[in-house]
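Report on the structure
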Amino acid sequence: MCGIVGYVGGREAANVIISGLHRLEYRGYDSAGLAVIHPDGVLDVFKCKGKVDDLERFLQGKNAGGTIGIGHTRWATHGEPSDANAHPHLSRSGDLALIHNGIIENYRVLRDALRTQGFTFRSSTDSEVLVNLIEYVRDEHRCSLEEAVREALSQVVGAYAIAVIERGDTSRIIAARKSSPMAIGVGDGEYFLSSDAASIIGFTQDFVYLNDGEIAVIERGKPLHIMTLDGAESPVAIQKLRLSISQLEKGGFDHFMLKEIHEQPETLEDCIRGRVIPGTREVILSGVLDNKERFLAARRIIFVACGTSWHASLIGEHLIESMCRIPVEVEYASEFRYRDPVIYPDDIVIAVSQSGETADTLAAVGMARKAGAFVYGICNVVGSSIPRATHSGTYIHVGPEIGVASTKAFTGQVTVMAMMALLIGRLKGTIDEGYYHRVAQAILELPATIREALKTAPEVASLARMFTYAHNFIYLGRGYNYPTALEGALKLKEISYIHAEGLPAAEMKHGPIALIDAEMPTVAIATPDSTYEKTLSNIEEIKARGGKIIAVVCKGDDLVRRSADYCIEVPSTVECLMPVVSIVPLQFLSYYIATYKGRNVDQPRNLAKSVTVE
Ligand code: G6P
């Protein structure tokens, strides 16, 4: 988490940096700051607790002029959000300013060693230790800044993307990365630097992505110079990023989350385009087809993911087991990587991540590769770290997701998993042609089905108003819709701060039913599937104990209506795609409850979109 931006060129650096920081705020928003070098070589830092808007106010009437600078928006790891802990951090002499995304794990040892050399610290951050270490090395070895950065980083244990500038040098930024993302935008006589290329797409579409363990010397008017921490030269490969600015704006909606819920028909069209062919209903996924032998020989598939991506993976488990008859496990990446799991060379590990940057998922990918497994990625952000670390994969192509609560990425992930399961099942001969074509057709129709499901918004909004009083919620589902219940509950927790628990409906009687009373609403997903009758009985059991029930049902259902207090009708599709449809009213429910409670939907407290720390 944390977002970093840098600029060197002919424009006012502060303007470029502020614009980039606004787009990076999804990565953290507890404090922000920037450093510029004025044309006379003076280095100045401006920073404060709060959001990028607060930083802009703070800058009013101050001289932040200069054509080179670095900026940061923070999600606190070491040290509370405060002016002092905000980045950039200055070195002891004030010669160097540094921004950092990541965690320096051995910062205590380094700090103690620096203290013995007379260094003192103004903040409680690991990042301030690093900038002082760089200065110490520079002065001890009387070396250039890039050499000092390289030497200092060789002493560091942890993850980082950093950028450093030096007083008196109005043309160079030194940047480096290990396990935290960093893209360099290449313009006409100017360079940009960012944790996320999309944040500077308004300035350039040409990017160089730094690899782990690389240092870049970014100098106005000179070609980019990239080397490894060991001093070896690295090639400079420029890639085009095709994105439009409109994809990064709210487009008339009050919040990014609402926009992203509403754009799901279009994002699913983008996700499906060229992959399920209308007419023939052929599924074409090059990542699977190019590695057909691997998938056919797979002993097991292990999904590794976090948060919403983990919920999507649980649906992936159902899809693959039922269509491909391959055993599947779903792991929290953070648990998997520390458990010394058994991984066979004929396992396929599928890493699922919207951002492609989640630190635990990335580490799980590294571990699986080391163990010899074939590693596949299902990611959204093109060129991010996970797709670059996997053997192959499929992008979900749903466009930039900016709302912290994931919505369109979830539906895109499940759709990609359904396409994968169909394709592998057909290759293996574990599904019949009729089923294959039915599901393929339903995938083609998904955008239209979701368009219909979006019409639930006004009704869900009025239900939400009735339930803003609740302090707890239970979400129930079975089979394919159990993960939907987990995801619905997570949405509510994330943005409204109401406690919510997702449960498989049948588990209620093993404990949670004790919680039921008139104050505890239950959201039950009761769409017609193989467990429909059973879910109906579970609803009755709650009703009998005085619980209020909001049910998500398919159009025309009248059985559930008899027991539930409120029913939200969604269009039906094949059972295995039902989560993509039934999640839509749950996304709305959390959104409207949160807005009625006055929460900051796009920037909920304590959360960040991209969790690049462990
Ligand atoms: C954070 C986000 C969640 C997301 C999770 C995994 O916690 O707030 O919305 O589901 O990370 O992120 P990923 O980018 O790997 O899907």
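Going by the structure above, here's the rest.
The paragraphs below set out a description of the structure included in this document. Model, not experiment: these values are computed from the prediction.

Side note on the packing of helix α7 (residues 264–272) against helix α14 (residues 408–428)
Where α7 meets α14, the axes come as close as 10 Å, and the angle between the chain directions of the two elements is 35°. Judged by the sense of rotation from one axis to the other, the crossing of α7 with α14 is right-handed. Counted together, Gln264, Thr267, Leu268, Cys271 and Ile272 of α7 and Lys408, Thr411, Gly412, Thr415, Val416 and Met419 of α14 form the full contact between these two elements. Residues of the contact of α7 with α14, tallied by class, amount to 5 nonpolar, 5 polar and 1 charged.

A look at the side chain of glutamate 331
Looking at the secondary structure, you find glutamate 331 in strand β16 (residues 328–332). Since its relative accessible area comes to 10%, glutamate 331 is described here as buried. Of note is the side chain of glutamate 331, whose polar atom sits 2.7 Å from the side chain of arginine 339. If we ignore the near neighbours within four places in the chain, the residues touching glutamate 331 are Ile302, Phe303, Val304, Ala305, Trp310, Phe336 and Arg339.

Points about the pairing of strand β17 (residues 347–353)
Most of β17 is tucked away, with 7 of its 7 residues classed as buried. Pairing of β17 with strand β18 (residues 374–379) involves 6 bridges; the strand directions are parallel. From the neighbouring strand, isoleucine 348 faces β18, where its bridge partner is phenylalanine 374. Assessed by its sense of winding, the connection that carries the chain from β17 through helix α12 (residues 359–370) to β18 is right-handed.

With respect to the nonpolar core
Counting 97 residues, the largest nonpolar core has Met420, Phe473 and Tyr475 as its most contacted members. Apart from the residues within four sequence positions on either side, phenylalanine 473 is in contact with Phe467, Leu492, Ile498, His499, Ala500, Glu501, Met520, Pro521, Val523, Ile550 and Ile593. Core analysis: the second largest hydrophobic core is formed by 32 residues, Ala13, Ala32, Val36 and Phe256 among them.

Re the sheet that holds β18
Across the sheet, which stays open at both edges, the 5 strands sit in the order β16-β15-β17-β18-β19 with parallel pairing between neighbours. Of all strands in the sheet, those with a lone pairing partner are β16 and β19 (392–395), marking the two edges. Between one strand axis and the next, the sheet turns through 20° on average, direction left out of account. Pairing between strand β15 (residues 300–305) and β16: 5 bridges, direction parallel. Of the residues in β16, the one forming a bridge with phenylalanine 303 is valine 330. Together, β15, β17 and β18 form the strand contacts of α12, whose direction differs from that of β17 by roughly 165°.

Considering unusual backbone geometry
In this model, histidine 87 is joined to proline 88 through a cis peptide bond whose omega is 0°. With respect to the helices, strands and loops of the structure, proline 88 is situated in the loop between β4 (68–74) and β5 (89–90). In this structure, histidine 397 takes a positive phi of about 55° despite not being glycine. Structurally, histidine 397 is set in the loop between β19 and α14. Backbone geometry at tyrosine 497 places phi at a positive 65°, although glycine is not the residue there. Using a relative accessible area of 23% as the deciding quantity, one classes tyrosine 497 as partly exposed.

Conventions and cut-offs
Residues numbered from 1 in each chain as written. Predicted model: local features only at pLDDT ≥ 70, side-chain atom pairs only at ≥ 80, totals over all residues. Heavy atoms only, no water. Axes fitted to C-alpha atoms, helices over the stretch in contact; angles between N-to-C directions. Helix = DSSP H or I, 4+ residues; strand = E, 2+ residues; numbered from the N terminus. Left-handed = near helix turned anticlockwise from the far one by under 90°. Contact = heavy atoms within 4.5 Å. Nonpolar A, V, L, I, M, F, W, Y, C, P; charged D, E, K, R; others polar. Buried < 20%, exposed > 50% of the residue type's maximum accessible area, 1.4 Å probe, protein only. Polar contact = N/O pair within 3.5 Å; in protein donor to acceptor, adjacent residues only side chain to side chain. Pairing = 2+ DSSP bridges. Right-handed = clockwise from strand over helix to strand, strands pointing away. Core = buried A, V, L, I, M, F, W, Y, C linked by side-chain atoms within 4.5 Å.

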